[in-house]
Each structure stands twice: as structure tokens, then as C-alpha cells.
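Structural features, examined
Okay, here's what each chain looks like letter by letter:
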Amino acid sequence: MNVLESKFETEEGTSRQFVFITNMKVNKNNAERLVSVGRSRWKIENQCFNQQKNTRYFIEHPNSHQYQAMKNHYLLIQIADMLMQLYEKGSSVWKQLKKTAKEKSSNLLEAIRGRTVTDEDVAELAKPIQIRFT
């Protein structure tokens with residue numbers, strides 16, 4: 001494990017510090033690139049969590065007094081958000097149809113609601129997959 005620390009001045013004149021932990025070897029040749037990638041990843045994750053909290057799912061307040069119930073609810077939100085991102089961004093067919101996010105989510109819900117999961121479906125889920133966004 002390696003730790004990489006980066007400090008820089010913002011346009012407002014304040015100083016910002018970032019610390020990253022990585023399993024990659026850090027040296028003078030790759031340190032700047034690792035910081036850039038780390039900050040990009042942090043920005044993506046931060047935006048996704050912010051969107052989940054304030055825009056899509058409004059998970060600002062606990063919805064239960066039971067820890068396990070809150071944990072299950074949050075995990076289901078994570079699964080739903082992954083499905084929504086794949087559904088919204090992963091299909092060129094949906095882009096061509098120019099449907100709204102609400103229409104897409106309604107279509108996805110109907111597709112899930114109307115399908116019976118078979119043994120063949122479960123076997124397909126066990127196969128490794130690779131998803132690429134272009």
C-alpha cells in the first residue's frame with residue numbers, strides 16, 4: 001500500500017490538500033497522473049452520492065430506527081442507482097428514442113415487474129461480464 005499526498009493553491013488563494021491510498025507504486029514519473037486520476041474518481045463518486053442524496057432518492061434522513069433496515073434500504077438504493085445509470089447511459093437504442101429519465105425508469109420497472117426469473121436467468125448471472133461506456 002502506498003500513500004500519495006497532494007497540496008495545491010486554488011484560484012481563490014486557499015490551499016487544498018488531498019491524500020490518496022493506492023496499491024500502485026508511486027514515483028516521480030506517475031505521481032501527477034495518480035493525483036489527477038484520484039481527484040477525477042473522487043469527483044465522480046462525490047457527484048453520484050450527492051445526486052442520490054439530493055436529487056434522485058432523497059436519502060437525507062434515516063427512514064427507520066433499525067440499523068439493518070437502513071442498511072438494506074441503502075444497499076437497494078445503490079443497486080437501483082447502478083441499474084438506472086446503465087439504463088440511461090448504456091444503451092444507444094434509448095439514446096435514439098430520446099425518452100426522459102422518468103419514461104426510462106417506468107419502462108425498466110415494467111420490464112422487471114412483468115418478467116419471471118428462470119433457472120437459465122440465474123445461470124446467466126453467474127457468468128462474468130464486462131461493461132464499457134463509449
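This write-up is about the structure you can find in this document. Source: prediction; values computed, not measured.

Thoughts on the overall build of the protein chain
Each helix and strand in the protein chain was counted, giving 5 helices and 2 strands. Sequence-ordered secondary structure for the protein chain, helices as α and strands as β, is β-β-α-α-α-α-α. Over its C-alpha atoms the protein chain spans a radius of gyration of 20 Å, topping by over 25% the 14 Å that the globule rule assigns to 134 residues. Seen through its C-alpha atoms, the protein chain measures out along the principal axes to roughly 55 × 35 × 35 Å.

Let's talk about the pattern of salt bridges
A full pass over the atoms with the stated rule returns 3 salt bridges. Ionic pairing is found between Arg113 and Glu110, a salt bridge with its closest N-O pair at 2.9 Å. Of this pair, Arg113 and Glu110 both sit in helix α4 (residues 101-113), separated by 3 residues, roughly a single helical turn. Taking relative accessible area as the criterion, Arg113 reaches 56% and is therefore assigned exposed. Glu124 is the partner of Lys127 in a salt bridge, and the nearest nitrogen-oxygen pair spans 2.8 Å. Classification of Glu124 as partly exposed rests on a relative accessible area of 44%.

A look at the packing of aromatic side chains
The geometry of two aromatic rings is summed up by the distance between their centres and the angle between their planes. Under the definition given, this model contains 3 aromatic pairs. Ring geometry for Phe8 versus Phe18: centroids 5.9 Å apart, planes at 5 degrees, classification stacked. Linking Phe8 in strand β1 (residues 2-9) with Phe18 in strand β2 (residues 15-22), this pair joins segments that are 10 residues apart in sequence. Assessed through its relative accessible area of 28%, Phe8 is described here as partly exposed. With relative accessibility at 10%, the residue Phe18 sits in the buried group.

Describing helix α2 (residues 67-89)
With 23 residues, α2 should reach 33 Å at 1.5 Å per residue; the first-to-last C-alpha distance of 33 Å fits that figure. Every buried residue belonging to α2 is among Ile77, Gln78, Asp81, Met84, Tyr87 and Glu88, and all of these are buried.

Concerning the pairing of β2
In the sheet, β1 pairs with β2 via 8 bridges, with the strands oriented antiparallel. By the bridge assignment for β2, Glu5 is matched with Val19. As consecutive antiparallel partners, β1 and β2 are separated by 5 residues, and within that stretch Gly13 has a phi angle of approximately 90 degrees, a positive value.

Some words on the nonpolar core
Judged by nonpolar contacts, Leu4, Phe18, Phe20, Leu34 and Val35 together constitute the single largest core of 5 residues. For this core, the elements supplying multiple residues, two or more each, are β2 and α1 (31-56). Ignoring any residue separated from it by four or fewer positions in sequence, one finds Leu4 in contact with Phe18, Val19, Phe20, Val26, Ala31, Leu34 and Val35.

What counts, and at which threshold
Residues numbered from 1 in each chain as written. Predicted model: local features only at pLDDT ≥ 70, side-chain atom pairs only at ≥ 80, totals over all residues. Heavy atoms only, no water. Helix = DSSP H or I, 4+ residues; strand = E, 2+ residues; numbered from the N terminus. Rg over C-alpha atoms; globule rule 2.2 N^0.38 Å. Salt bridge = Lys/Arg side-chain N within 4 Å of Asp/Glu carboxyl O. Buried < 20%, exposed > 50% of the residue type's maximum accessible area, 1.4 Å probe, protein only. Phe/Tyr/Trp six-rings, centres within 6.5 Å; stacked < 30°, edge-to-face > 60°. Expected span 1.5 Å × (residues − 1). Pairing = 2+ DSSP bridges. Core = buried A, V, L, I, M, F, W, Y, C linked by side-chain atoms within 4.5 Å. Contact = heavy atoms within 4.5 Å.

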